Amino acid sequence: KRARKTVPLVTDLALAAEHERAVEALEAARRAAKQQDRENNAEVREAAQRVVTLEEQMRGATVTVELEALPRKAWVEFEEANPPREGNDTDEAFKVNVPALDGVIGRSIVGATTPDGEAVEFEWADVTEELSQRQWESFALAVLQLNRAVSEAPFSLLASAVTRHSDAT
């Protein structure tokens, strides 16, 4: 089996902008409360609750897209067919024509799920034009990592420490 990676995609970017404003309001409320030596006042709690509410809404508006590395031959052919554009620093840094990744992203998608884990229809061609540059970059970087990075079995230091600690008790 080839390497896989997931990319969360918030489908309602208006919520993301609203969340950003809510976080700024929370920070402002905390600064004001700090000046009054009342760090946990009602304004701070209300601002914090607004942030939490928006985060819950954003989780509900998130689709987790699963990508799979291309077969080695297909990836090599892609790179050979899409060398970096001359004079383009981004292409030179990634050693590939970055806009050409759009097609590879679509070929790499193997599934998508809701926050509840339900499979959903997800067609890259239907969403690619609507994505922000940052959202698109998340997919592009994931595809580059899948196809170029060494794939090792994952290792969690936290899980190892917890199980080691529980074995000792």
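Caption draft 1: Fine view of helix α1 (residues 13-35). Taking 1.5 Å per residue as the helical rise, α1 with its 23 residues ought to reach 33 Å, and the 34 Å between its terminal C-alpha atoms agrees with that figure. Inspection of α1 places Leu15, His19, Ala22, Leu26, Ala29 and Ala33 among the buried residues, and these make up the whole buried set. Packed against the buried residues of α1 are α2 (42-60).

Caption draft 2: Local environment of the side chain of His19. With respect to the secondary-structure elements, His19 resides in helix α1. Aside from chain neighbours lying at most four places away, what touches His19 is Val51, Leu54, Glu55 and Met58.

Caption draft 3: Quick look at the side chain of Ser108. Here Ser108 shows up in helix α5 (residues 101-108). Among residues more than four places away in sequence, those in contact with Ser108 are Glu66, Leu67, Glu68, Leu70 and Val143.

Caption draft 4: Main features of unusual backbone geometry. Positive phi, normally seen in glycine, also occurs at Lys95, with a value near 60°. Within the secondary structure, Lys95 sits in the loop between α4 (89-94) and α5.

Caption draft 5: Focus on the packing of helix α3 (residues 72-81) against α5. Two numbers describe how α3 lies on α5: the axes approach to 11 Å, and their chain directions differ by 165°. Between α3 and α5, the angle falls in the class roughly antiparallel. For the crossing formed where α3 meets α5, the hand is right-handed. For the pair formed by α3 and α5, the contact residues are Ala74, Trp75 and Phe78 on the first element and Leu101, Val104 and Arg107 on the second. Within the contact of α3 with α5, the residues separate by chemical class into five nonpolar, no polar and one charged.

Caption draft 6: Highlighting the packing of aromatic side chains. Under the criterion given, the structure shown has two aromatic pairs. A centroid spacing of 5.2 Å and a plane angle of 35° characterise the contact between Trp75 and Phe78, whose relative ring orientation is tilted. Highlighted residues: Trp75 and Phe78, both in helix α3, separated by three residues, approximately one helical turn. Each member of the pair Trp75 and Phe78 is classed as buried. Between the aromatic rings of Trp124 and Phe139, the centroid separation amounts to 4.9 Å while the plane-to-plane angle is 55°, which identifies the pairing as tilted. Pair noted here: Trp124 is in helix α6 (residues 124-127) and Phe139 is in helix α7 (residues 133-148), with a separation of 15 residues, a long-range link. Of the residues examined, Phe139 reaches a relative accessible area of 0% and is grouped as buried.

Caption draft 7: Inspection of the sheet that holds strand β3 (residues 109-113) at higher detail. Pairing in this open sheet of three strands is antiparallel, and the strands run β1-β2-β3 from one edge to the other. Edge positions in the sheet fall to β1 (4-10) and β3, since each of these pairs with one other strand and no more. Neighbour-to-neighbour, the strand axes of this sheet turn through a mean angle of 25°, independent of strand direction. As paired elements, strand β2 (residues 62-68) and β3 share four bridges and run antiparallel to each other. Its bridge partner lying in β3, Val65 is registered against Ala112. Where α7 meets the sheet, it contacts β1 and β2, and its direction lies at approximately 180° from that of β1.

Conventions we followed
Residues numbered from 1 in each chain as written. Predicted model: local features only at pLDDT ≥ 70, side-chain atom pairs only at ≥ 80, totals over all residues. Heavy atoms only, no water. Helix = DSSP H or I, 4+ residues; strand = E, 2+ residues; numbered from the N terminus. Expected span 1.5 Å × (residues − 1). Buried < 20%, exposed > 50% of the residue type's maximum accessible area, 1.4 Å probe, protein only. Contact = heavy atoms within 4.5 Å. Axes fitted to C-alpha atoms, helices over the stretch in contact; angles between N-to-C directions. Parallel < 35°, antiparallel > 145°, perpendicular 65-115°, else oblique. Left-handed = near helix turned anticlockwise from the far one by under 90°. Nonpolar A, V, L, I, M, F, W, Y, C, P; charged D, E, K, R; others polar. Phe/Tyr/Trp six-rings, centres within 6.5 Å; stacked < 30°, edge-to-face > 60°. Pairing = 2+ DSSP bridges.

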